[in-house]
Amino acid sequence: QVQLVESGGGLVQAGGSLRLSCAASGRTFSSYAMGWFRQAPGKEREFVARINWSGSDTDYADSVKGRFTISRDNARRTIDLRMNSLKPEDTAVYYCAQSDRAYFIGRQVGPHDFGSWGQGTQVTVSS
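Residues numbered from 1 in each chain as written. Predicted model: local features only at pLDDT ≥ 70, side-chain atom pairs only at ≥ 80, totals over all residues. Heavy atoms only, no water.

**Student:** Explain the sheet that holds strand β7 (residues 68-73) here, please?
**Tutor:** Sheet strands pair by backbone hydrogen bonding; their relative direction is either parallel or antiparallel. The strand order across the open sheet formed by four strands is β1-β3-β8-β7, and the pairing between neighbours is antiparallel. A single partner strand is all that each edge strand has here, and the edge strands are β1 (2-7) and β7. Adjacent strand axes in the sheet meet at a mean angle of 15°, parallel and antiparallel pairs treated alike. Where strand β3 (residues 18-26) lies against strand β8 (residues 78-83), six bridges are found, and the strand directions are antiparallel. The partner of Arg19 across the bridge, within β8, is Arg82. (Pairing = 2+ DSSP bridges. Helix = DSSP H or I, 4+ residues; strand = E, 2+ residues; numbered from the N terminus. Axes fitted to C-alpha atoms, helices over the stretch in contact; angles between N-to-C directions.)

Right under this line is the structure:
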């Protein structure tokens, strides 16, 4: 079992940037794919980005492609989400998650693909 703790959320104006981090402890980190999801008030949790076990392969939701970058540091047991050109519609609680898989091939992932979750960190983008 893994424990995940997100940090780095906050308030930013539209067009600004934030960097979220997720620290993992517990089971082996480097063997598993990781992801970021977000949930806005009144909406379901949605996929944002994922990264394979090594960091060599990533994927993003269409809504954030070109603006967000996911990365991982297996030595430090962390993943980051660098968010640029933020929009008010990016406002949500952002969650870090770990999968039991090492990688995903040829498809977007959903919350059901991830069994371990952090507590979330709030990102608010003002206009």
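**Student:** Just to check I follow, could you spell out the environment of Tyr60 for this structure?
**Tutor:** Note that Tyr60 resides in strand β6 (residues 58-60). Sequence-wise, Tyr60 and Asp73 are 13 residues apart; in three dimensions their C-alpha atoms are separated by 18 Å. In contact with Tyr60, other than residues within four places in its own chain, are Phe47, Val48, Ala49, Lys65, Phe68, Thr69, Ile70 and Gln108. Polar side-chain contacts of Tyr60 include one of 2.9 Å to the backbone nitrogen of Ile70. (Contact = heavy atoms within 4.5 Å. Polar contact = N/O pair within 3.5 Å; in protein donor to acceptor, adjacent residues only side chain to side chain.)

**Student:** I tried to follow the pairing of strand β9 (residues 92-98) on my own but got confused; where do I start?
**Tutor:** Residues in a regular strand project their side chains so that they alternate between the two faces of the sheet. Counting buried positions over the seven residues of β9 gives six, a clear majority of the element. With six bridges joining them, strand β4 (residues 34-39) and β9 adopt antiparallel strand pairing. Looking at the pairing, Gln39 lines up with Val93 of β9. As paired strands, β9 and strand β11 (residues 121-126) are joined by three bridges and run antiparallel to one another. Within β11, the position partnered with Ala92 by the bridge is Val123. (Buried < 20%, exposed > 50% of the residue type's maximum accessible area, 1.4 Å probe, protein only.)

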